[in-house]
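Here are the chains, one letter per residue:
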Amino acid sequence: MKTVLITGTSSGYGRETALYFHSQGWNVIATMRTPRPGVLPESDRLRVVELDVTRPESITAAFAAAGPIDVLVNNAGVPSISVFEATPMARVREVFETNTFGVMATTQAVLPQLRERGSGVVVNVTSSVVLGHMPLSAVYKASKMAIEGFTASLALELAPFGVQAKTVEPGACLTTNFAARATNGGSLDALVPAPYAAFAEKAMDDFTGQDVFTKESDVAETVWRAVHDTTGQLRFPAGPDAVWLAQAK
């Protein structure tokens, strides 16, 4: 029986991916920065482990608690929506600490065991923002584009050892709390300088008004497909809008 460790499983894609792998008979290590009871079902094949990907000591403790794993799914991330001019550099660093450096740190922690075993998969969840030109996402897109480049090079380094690295690129999921988290629960108006207000309002209306979007289940199923793919495919768009963007490139 194989084991997957998934980061950021308290909600959204991570939670759905944990449920999906569990339903397929896998052992699941579901990590959360702040574990909460009741988020995931109780099972002898599902363990919730505390993990803050921005803290080295937390990463060390989580992987020690997890034991041997076959697959790492780097799903934990923080969103960011705003115009760049109004984004404090402290916020930029916060986004990169989780979305970029956190992914690199957890990946580095798991690679020795995968390399020594000669098998395994690292799946890094990025975003469909890497597939098109999307406003209000400069910082978020930069953090995810970095992981796209990181994964592409990493895949080449790991191939001689039988280990794979891939990215999954979810589209816009309107049923998650992305927008609320991206604005720290406040309104976008408070984050956007007046000269940008009309532009930002139209961009958000276009985003929330689209009729083709991604479901959490699309992402879970695509992560599963990426893990089991044997064709050498590197990037996996998830959801109909992401697939459309990938095909339009």
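Heads up: the structure comes first, above all this text.
A brief structural summary.

As for the pairing of strand β4 (residues 71-74)
Phase 1 of the analysis: Here β4 shows no split at all, with Val71 and Val73 on one side and Leu72 and Asn74 on the other all buried.
Phase 2 of the analysis: Pairing of strand β1 (residues 3-6) with β4 involves three bridges; the strand directions are parallel. The partner of Ile6 across the bridge, within β4, is Val73.
Phase 3 of the analysis: As paired elements, β4 and strand β5 (residues 121-125) share four bridges and run parallel to each other. By the bridge assignment for β5, Val71 is matched with Val121.

A look at the environment of Asn27
Phase 1 of the analysis: Looking at the element boundaries, Asn27 is found in strand β2 (residues 27-32).
Phase 2 of the analysis: Asn27 sits 43 residues away from Asp70 along the chain, and the two C-alpha atoms are 9.8 Å apart.
Phase 3 of the analysis: Residues contacting Asn27, with those up to four places away along its chain left out, are Met1, Lys2, Thr3, Val4 and Arg45.

Re the packing of aromatic side chains
Phase 1 of the analysis: A complete count under the given rule lists five aromatic pairs for this structure.
Phase 2 of the analysis: With 5.8 Å between their ring centres and 65° between their planes, Trp26 and Trp224 make a pair best called edge-to-face. One end of the pair, Trp26, is in the loop between α1 (12-23) and β2; the other, Trp224, is in helix α7 (residues 216-228), with 198 residues separating them in the sequence.
Phase 3 of the analysis: Taken together through their ring pairs, the aromatic side chains of Tyr20, Phe21, Trp26 and Trp224 make up a single cluster.

Concerning helix α3 (residues 89-117)
Owing to its 3.6 residues per turn, the α-helix aligns residues three or four sequence positions apart on the same side.
Phase 1 of the analysis: End to end, α3 covers 41 Å across 29 residues, agreeing with the expected 42 Å (1.5 Å per residue, within 8%).
Phase 2 of the analysis: Along α3, the sharpest kink reaches roughly 40°, centred on Glu97.
Phase 3 of the analysis: Two residues or fewer after α3 comes Gly118, characterised by a positive phi angle close to 80°.

Quick look at helix α4 (residues 138-158)
Phase 1 of the analysis: Here α4 contains 21 residues, and its C-alpha end-to-end distance of 30 Å stays within 8% of the 30 Å for a straight helix at 1.5 Å per residue.
Phase 2 of the analysis: Listed as buried for α4 are Val139, Tyr140, Lys141, Ser143, Lys144, Ile147, Glu148, Thr151, Leu154, Ala155 and Leu158.

Observations regarding the sheet that holds β1
Phase 1 of the analysis: An order of β3-β2-β1-β4-β5-β6-β7 is seen for the seven strands of this open sheet, with the pairing classed as parallel. The sheet is open, and its two edges are formed by β3 (46-50) and β7 (235-238), each paired on a single side. Strand-to-strand twist of the sheet, defined as the mean angle between neighbouring strand axes without regard to direction, takes the value 20°.
Phase 2 of the analysis: Two elements, β5 and strand β6 (residues 164-170), share five bridges in a ladder whose sense is parallel. Residue pairing in the sheet places Val125 in a bridge with Val168 of β6.
Phase 3 of the analysis: On the sheet, α7 packs against β4, β5, β6 and β7 and is oriented at approximately 160° with respect to β7.

Things to note about the environment of Trp244
Phase 1 of the analysis: Structurally, Trp244 can be placed in helix α8 (residues 240-248).
Phase 2 of the analysis: As for Trp244 and Val212, which are separated by 32 residues in sequence, their C-alpha atoms are 9.7 Å apart.

A closer look at the pattern of salt bridges
Phase 1 of the analysis: In this structure the tally under the stated criterion is five salt bridges.
Phase 2 of the analysis: With a closest N to O distance of 3.0 Å, Glu57 and Arg55 form a salt bridge.
Phase 3 of the analysis: Relative accessible area serves as the criterion here: at 46%, Glu57 is assigned to the partly exposed category.
Phase 4 of the analysis: Classification of Arg55 as partly exposed rests on a relative accessible area of 33%.
Phase 5 of the analysis: Here Asp229 and Lys166 are joined by a salt bridge, their closest N and O atoms 3.7 Å apart. Taken together, the residues span a long stretch of sequence, with Asp229 in the loop between α7 and β7 and Lys166 in strand β6 at a distance of 63 residues. Considered together, Asp229 and Lys166 belong to a single accessibility category, that of buried residues.

A closer look at the nonpolar core
Phase 1 of the analysis: Counting residues in hydrophobic clusters, the biggest one holds 26 residues, and the most contacted among them are Val4, Phe21, Val28, Val73, Val123, Val168 and Val223.
Phase 2 of the analysis: It is α7 that provides the largest number of residues to this core, a total of five residues.
Phase 3 of the analysis: What Val223 contacts, discounting residues up to four positions off in sequence, is Thr17, Phe21, Val73, Val123, Val125 and Val168.
Phase 4 of the analysis: Core analysis: the second largest hydrophobic core is formed by 21 residues, Leu5, Phe63, Ala76 and Ala155 among them.

Criteria and thresholds
- Residues numbered from 1 in each chain as written.
- Predicted model: local features only at pLDDT ≥ 70, side-chain atom pairs only at ≥ 80, totals over all residues.
- Heavy atoms only, no water.
- Buried < 20%, exposed > 50% of the residue type's maximum accessible area, 1.4 Å probe, protein only.
- Helix = DSSP H or I, 4+ residues; strand = E, 2+ residues; numbered from the N terminus.
- Pairing = 2+ DSSP bridges.
- Contact = heavy atoms within 4.5 Å.
- Phe/Tyr/Trp six-rings, centres within 6.5 Å; stacked < 30°, edge-to-face > 60°.
- Expected span 1.5 Å × (residues − 1).
- Bend = angle between axes of the 7 residues up to and from the residue.
- Axes fitted to C-alpha atoms, helices over the stretch in contact; angles between N-to-C directions.
- Salt bridge = Lys/Arg side-chain N within 4 Å of Asp/Glu carboxyl O.
- Core = buried A, V, L, I, M, F, W, Y, C linked by side-chain atoms within 4.5 Å.

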